[in-house]
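Chain residues, written in single-letter form:
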Amino acid sequence: MIKLSRPQCPNQEALRTNYKHPDNKAVLILASHDKCMYCESKVSHTYYGDIEHIKPKSKFPGLEFDWGNLGYVCARCNGYKSDKYDEANPILNPYDEDPETHIVVLGAFFAHKDNSTKGKITIEEQSGVHLNRPALIERRQDRINLLKKVIGACAKLEDSAKEAVLESIKPEAEEDKEYSLCVKALLKTEGID
Ligand SMILES: [Zn+2]
C-alpha cells in the first residue's frame, strides 16, 4: 500500500446515479496505477477490477455516490473488507494518509509500526484486507528474489557496468510498479536508492 492522490471526478453527472461509470472508473484506475489501492497487485492482468466503497455502502448509504469514498481494488481485498469496516477503527485509506506512517516492510512481509492500531487493523485478516495473505507474500517474494538475483550478479561486473545496471533497477521502486513498497524497502537495504 502506498500513498495515492485523488484526482478530480471527470464525470460528476454520471456519478449521481452510477458509482462505477467507465469515465470515472478509468480515472481511479490511473490514480492507483492500475493496481489495487490496498495490496498493490496489478489488477487488469487478470480481470477488470472493482470500484469499491471505502466506507461500505451497506453501512453508509449516503456515501454510495461520493467521489471521495471510491477506489479501485482487486477482488480479494474487496471481499476481505466488505463487512469488517468499523467506523471507530477504520482501516488505512491511502488517499487520505501515507501508509508508511503505519506500516513497516520486512522483506515480503508487512508489520504495523509501534503503536499503530490502524496499521494492525489494516494488515490483519480478521479486521482488514489481510496484507500478509500467502498468495501476496509469494508474489512479493518473487519480485524481491528476482531483483536480488540481478543485484548479486552485478557484483561480478566492473564499476561502470555495475553502476549502469543498479541505476536501471531504481525505477522498479516507482509507484506504478507492482509491490513498490517492498521493492523500495529492498533497494534501501541494498543501498540502491
Ligand atoms: Zn488488493
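As the structure is a prediction and not an experimental result, all values here were calculated from the model.

Draft legend 1. Summary view of the confidence of the model for the protein. Mean pLDDT over the protein works out to 94, with 99% of the residues at or above the 70 mark. Taken element by element, the predicted model of the protein shows its lowest mean pLDDT in helix H3 (residues 75-81) (82) and its highest in strand S4 (residues 109-112) (98).

Draft legend 2. View of the pattern of salt bridges. Counting across every chain of the model gives 10 salt bridges. Linking Lys-55 and Glu-87 is a salt bridge whose minimum nitrogen-to-oxygen distance equals 3.6 Å. Of the two residues, Lys-55 sits in the loop between strand S1 (50-53) and strand S2 (70-73) while Glu-87 sits in the loop between H3 and strand S3 (103-106), which places them 32 residues apart along the sequence. Using a relative accessible area of 25% as the deciding quantity, one classes Lys-55 as partly exposed. When its relative accessible area of 44% is taken as the criterion, Glu-87 is described as partly exposed.

Draft legend 3. Layout of the coordination of the zinc ion. Each protein donor to the zinc ion is listed here as Cys-36 (SG), Cys-39 (SG), Cys-74 (SG) and Cys-77 (SG); together their distances run 2.3 to 2.4 Å. Coordination of the zinc ion draws on donor residues from a single chain, spaced C-x2-C-x34-C-x2-C in sequence. You can see Cys-36 sitting in the loop between helix H2 (22-31) and S1 and its partner Cys-74 sitting in the loop between S2 and H3, a full 38 residues away along the chain. We note that Cys-36, like Cys-74, is buried.

Draft legend 4. Region of interest: a nonpolar patch on the surface. On the surface, Val-104, Leu-106 and Phe-109 cluster together into a nonpolar patch covering about 260 Å² of accessible area. Along the chain, the position of Phe-109 falls in strand S4.

Draft legend 5. Inspection of the nonpolar core at higher detail. Of all hydrophobic cores here, the largest spans 35 residues; its most connected members are Cys-36, Tyr-38, Phe-110 and Leu-131. For this core, the secondary structure elements donating two or more residues are H2, S2, S3, helix H4 (117-123) and helix H7 (180-189). Sort the elements by how many residues they give to this core and S2 lands first, with 3 residues. Counting 13 residues, the second largest nonpolar core, distinct from the first, contains Ile-144, Cys-154, Ala-173 and Leu-186.

Draft legend 6. Molecular detail of the side chain of Arg-143. Its location among the elements puts Arg-143 in helix H5 (residues 134-154). When its relative accessible area of 15% is taken as the criterion, Arg-143 is described as buried. Residues contacting Arg-143, with those up to four places away along its chain left out, are Glu-172, Lys-177, Glu-178, Tyr-179 and Val-183.

Draft legend 7. A look at the packing of aromatic side chains. Taken as a whole and assessed by the stated rule, the structure comprises 1 aromatic pair. Sitting over the face of the ring of Tyr-95, Arg-6 holds its NZ or CZ atom 4.1 Å from the ring centroid. Above the face of the Phe-60 ring, Lys-55 is positioned so that its terminal group lies 5.4 Å from the ring centre.

Draft legend 8. Representation of the packing of H5 against H7 within the structure. Orientation of H5 relative to H7, taken along the N-to-C sense of each, is 30°, at an axis distance of 10 Å. With respect to each other, H5 and H7 are oriented roughly parallel. Read as a crossing pair, H5 and H7 show a hand that is right-handed. The residues of H7 that touch H5, namely those facing Arg-140, Arg-143, Ile-144, Leu-147, Lys-148 and Ile-151, are Cys-182, Val-183, Leu-186 and Leu-187. In terms of residue class, the contact of H5 with H7 is made up of 7 nonpolar, no polar and 3 charged.

Criteria and cut-off values
Residues numbered from 1 in each chain as written. Predicted model: local features only at pLDDT ≥ 70, side-chain atom pairs only at ≥ 80, totals over all residues. Heavy atoms only, no water. pLDDT = per-residue confidence, 0-100. Helix = DSSP H or I, 4+ residues; strand = E, 2+ residues; numbered from the N terminus. Salt bridge = Lys/Arg side-chain N within 4 Å of Asp/Glu carboxyl O. Buried < 20%, exposed > 50% of the residue type's maximum accessible area, 1.4 Å probe, protein only. Donors = N, O, S within 2.8 Å, 3.2 Å for Na, K, Ca; no water. Patch = residues over 30% accessible without salt bridge, like charges linked within 9 Å, V, L, I, M, F, W, Y side chains within 5 Å. Areas by Shrake-Rupley, 256 points an atom, 1.4 Å probe, with all protein chains shown as cover. Core = buried A, V, L, I, M, F, W, Y, C linked by side-chain atoms within 4.5 Å. Contact = heavy atoms within 4.5 Å. Phe/Tyr/Trp six-rings, centres within 6.5 Å; stacked < 30°, edge-to-face > 60°. Lys NZ or Arg CZ within 6 Å of the ring centre and 35° of its normal. Axes fitted to C-alpha atoms, helices over the stretch in contact; angles between N-to-C directions. Parallel < 35°, antiparallel > 145°, perpendicular 65-115°, else oblique. Left-handed = near helix turned anticlockwise from the far one by under 90°. Nonpolar A, V, L, I, M, F, W, Y, C, P; charged D, E, K, R; others polar.

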